[in-house]
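Examination of the molecular architecture
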Amino acid sequence: MNDNKKLIQTNKFQLGLNRRQLLKTGAAAGAVSMFNINHAWSKDVMWDGEPFDADGATIRINEWGGFWQEFMTSNVIEDFEKTYNCKVAYDSSFPWFPKYVASGPKDPAFHMGNWNLNEIIKLGKAGDYFLSTEELKANMPNAADCWDFAFGSGLGVTWGFGQYAHVWRTDLIDPAPKGFAAFWEDRFADKRATYITSNGLFMTFFMTAAAEFGSGPDDMEAGFEAMRAAMPMKISDFTGNMQTQVERGEVQIGVQWEGEIFLQMDKGIEVAPLTWEQKPILTQTHTVSRYSDPVEKKLALALVNAKLSPEFQTKAGEAFYLRPSNSKASLPERLKNKGVTNTAGALEGLWIPDWNWYLDNEDEIVETVNEIFAG
Amino acid sequence: MAKGQVKVRRERSVPVIMRVLAIVSLVLLLAPVVVVILAGLNSGDHLTFPPDGLSLRWVVAFFRSGAFLPAYLFSLLLALCTMFFSTILGTMIALVLARNEFPGKQMARAFFMAPLMLPGIVLGLALYLFYLSSGLGLTRTMPGLVIGHVLVTCPYVIGTVNASLVGFDKSYEEAARSLGAGPLKTFRIITLPIISPGIIAGSVFSFIVSFGQFDVSLFLTPPDYNPLPIALYSSLRYTFEPTAAAAGIFAIFLVVVSMLITARLTNLRKLANVNFS
């Protein structure tokens, strides 16, 4: 490690002198600030996949809080800080979108993020914030073992996912519902539930309903009709609230994703998943900011790489019922006993919603659906 | 009337309708507090009301929580810092506004009270943008967060101190000055004790407001730190457990204690000019 450290420091010094000399002598006086020099260099940063001494640097990340933060801290971050001699500053105060936009791409609010794909794509439209999937693949050894769909967004790497499903009470519903469209059956009037329009699960539900009843997921009118036909319906804020309503029997069939349903099943609640035939997936996606300073950028790549490791993904599957995107990750028993497999066949037909389309039409969808929900 | 007797004027009794309205208002204000307390003592697994039964399990969970207890202590520290700075700044501003006549005084008063009228989200985002663009190094720092909280709590101190300065008899200060006391000594011995009820009330309000502040904290909180409102928000997104309500119990407890201290120290009769007898 000491030899490597010296090698890294020597290379860094030599590279740094050469680049800085070139840039300084090549630019007019005062035309190139140190700020720009660092960012010009940032674009060329590569990480060779080996641990390095970050000399106490601080990397800022945005990720979910609560139990999620506790899990990440104890399973990844503590070891990461020791291995790389760095500090991970963890921001769990969602929303992060305004913070990124306020800082701008060239001075990113965070060096690495874990959040929802719709927010990532929204930010990607606002500026050149993130490394592309090709750049990520080139800089993270564990990316080679990930399924192709993990890079399907174009902006980040999806490290965990789950399928959307209706959660339904097996003790309260007979006969069992069949298919996505069962949600609309008359027997579930006012006993079915979806989410507020700002919740990502609603967004996917809307697009899936549009695909089910219309010409495709972008058939907005079909989506609106589906929401009208589903009323009366309960509207939840978050998945935690949906869980409670289902467990209390106030909701007998609701929009969920399989991880939450598996959790309830393991707690002994009499529920089961009704996986949607269209197979949209809920994703957890990492981004790395393009214009971070070099050390922070390398740390970000290293941290994402750590999250792509099979060992971590197995633990995350155990804790959050998330399916791994690494083909070599073994599934925890609590996913295996639900019939989940980590094979190419299991991924067949999986669909990441078209967030670009949704974001382009979001205002109209939100306004119309809120009117429908308000009755 | 016989010599020496004092004519006592009987106060009119409060109309029944007003008493009813007052009771209804009190019930409406206190009902959420009761709901939170009972939800936090729920023996069931979820944050529901009415509770399934009563139990201290979620109170115990709060003390064992890796998220809520540190957040509670952080909010306490933040509120104490905010209270300290708000009290000093707010008192100074109130004194200047009450004691001086200058062009634009009303504008200045409106300016200092403006944070009360602006949405917290707007204030938080505006401050975040200001910190970023000014390069003062306050972005994502504890001082930056305290400044944001002082901004939203200072108007409370200004308001209460200003109220205690209304009708203040300056002749006391003049008398002290004429007897040789300097400005600081006069302020310490004469002015401060008279306006102390307003200062104490304002500082307690600033503590309470800071402790529960969410909007501003959302943008200004440094990484790795979570004020209690944000920790509650993060938790409720994913788990609907009564630990959040148990945390609420301790927040309510803190507010009640603060108000009791205020009542003890300030003698509320003087502030409200109400005869409780």
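Every value quoted in this text rests on a predicted model; they were computed, and no experiment measured them.

About the cut-offs
Residues numbered from 1 in each chain as written. Chains lettered and ligands numbered in written order. Predicted model: local features only at pLDDT ≥ 70, side-chain atom pairs only at ≥ 80, totals over all residues. Helix = DSSP H or I, 4+ residues; strand = E, 2+ residues; numbered from the N terminus. Buried ≥ 20, exposed ≤ 12 C-beta atoms within 10 Å, placed from the backbone. Contact = placed C-beta atoms within 7 Å. Nonpolar A, V, L, I, M, F, W, Y, C, P; charged D, E, K, R; others polar. Pairing = 2+ DSSP bridges. Core = buried A, V, L, I, M, F, W, Y, C linked by C-beta atoms within 7 Å. Expected span 1.5 Å × (residues − 1). pLDDT = per-residue confidence, 0-100.

**Overview of the overall build of chain B**
Across its full length, chain B holds 12 helices and zero strands. Element order for chain B, N to C, with α for helix and β for strand: α-α-α-α-α-α-α-α-α-α-α-α. Across its three principal directions, the C-alpha atoms of chain B cover 70 × 60 × 30 Å. Residues counted as buried form 35% of the 277 residues belonging to chain B.

**Looking at the overall build of chain A**
A tally of helices and strands in chain A yields 15 helices and 10 strands. Going through the 375 residues of chain A one by one, you find that 44% of them count as buried. Long-range contacts, defined here as pairs at least 24 residues apart, represent 74% of the contacts in chain A between residues at least 6 apart.

**Focus on the interface of chain A and chain B**
With 22 residues of chain A at the interface, the matching set in chain B holds 24 residues. Top element by residues in the side of chain A that touches chain B is helix α9 (residues 239–247) of chain A. It accounts for six residues. Looking at the side of chain A that touches chain B residue by residue, the classes come out as six nonpolar, 10 polar and six charged.

**Let's talk about the pairing of strand β3 (residues 112–115) of chain A**
Residues and elements named next belong to chain A. Residues Met 112 and Asn 114 point to one face of β3 and Gly 113 and Trp 115 to the other, with burial holding for every one of them. One ladder, built from two bridges, connects strand β1 (residues 57–62) with β3; its direction is parallel. Considered in β3, the bridge of Ile 61 is made with Met 112. As defined by bridge partners, β3 adjoins strand β9 (residues 281–288) across four bridges and the pair is classed as antiparallel. Residue pairing in the sheet places Trp 115 in a bridge with Thr 285 of β9.

**A closer look at the nonpolar core**
Val 157 and Val 304 of chain A are the most contacted members of the largest nonpolar core, which has 90 residues in total. If one sorts the elements of this core by residue count, helix α7 (residues 200–213) of chain A sits on top with nine residues. If near-sequence neighbours (up to four positions away) are discounted, Val 304 of chain A is found in contact with Met 112, Met 140, Val 157, His 286 and Val 288 of chain A. By size, the runner-up hydrophobic cluster in this structure holds 54 residues, among which are Leu 47, Trp 58, Tyr 128 and Ala 231 of chain B.

**Digging into helix α5 (residues 117–126) of chain A**
Every α-helix carries 3.6 residues per turn, so stepping three or four residues along brings you back to the same face. Restricting attention to buried positions, one finds in α5 of chain A the residues Leu 117, Glu 119, Ile 120, Ile 121, Leu 123 and Gly 124 of chain A. Where α5 of chain A is buried, its residues contact α4 (97–103), β3, β9 and α14 (355–360) of chain A.

**Considerations on α7 of chain A**
Residues and elements named next belong to chain A. With 14 residues, α7 should reach 20 Å at 1.5 Å per residue; the first-to-last C-alpha distance of 20 Å fits that figure. The element α7 is largely enclosed, with a buried count of 12 among its 14 residues. When α7 is considered as a whole, its buried residues turn out to be Leu 201, Phe 202, Met 203, Thr 204, Phe 205, Phe 206, Met 207, Thr 208, Ala 209, Ala 210, Ala 211 and Glu 212.

**Section: the confidence of the model for chain B**
Residues and elements named next belong to chain B. Put simply, chain B has an average pLDDT of 86, and 90% of its residues get 70 or more. Within chain B, the element-level pLDDT minimum falls on helix α12 (residues 268–272), averaging 52, and the maximum on helix α6 (residues 142–165), averaging 95. The low-confidence segment residues 273–277, where pLDDT is below 50, has two contacts with residues more than four positions distant or belonging to other chains. Reported confidence for the predicted complex is 0.75 by ipTM and 0.80 by pTM.

**A few points about unusual backbone geometry**
Residue and element names in this part refer to chain A. That bond from Phe 94 to Pro 95 is cis: its omega, 15°, falls within 30 degrees of zero. Checked against the element boundaries, Pro 95 lands in the loop between β2 (86–91) and α4. At the junction of Asp 174 and Pro 175, the peptide bond is cis and its omega measures out at 5° in the coordinates. Relative to the helices and strands, Pro 175 is located in the loop between β4 (157–169) and β5 (192–195). The backbone of Tyr 321 sits at a positive phi, close to 60°, despite the residue not being glycine. The residue Tyr 321 is located in the loop between α12 (310–320) and β10 (323–324) in this model.

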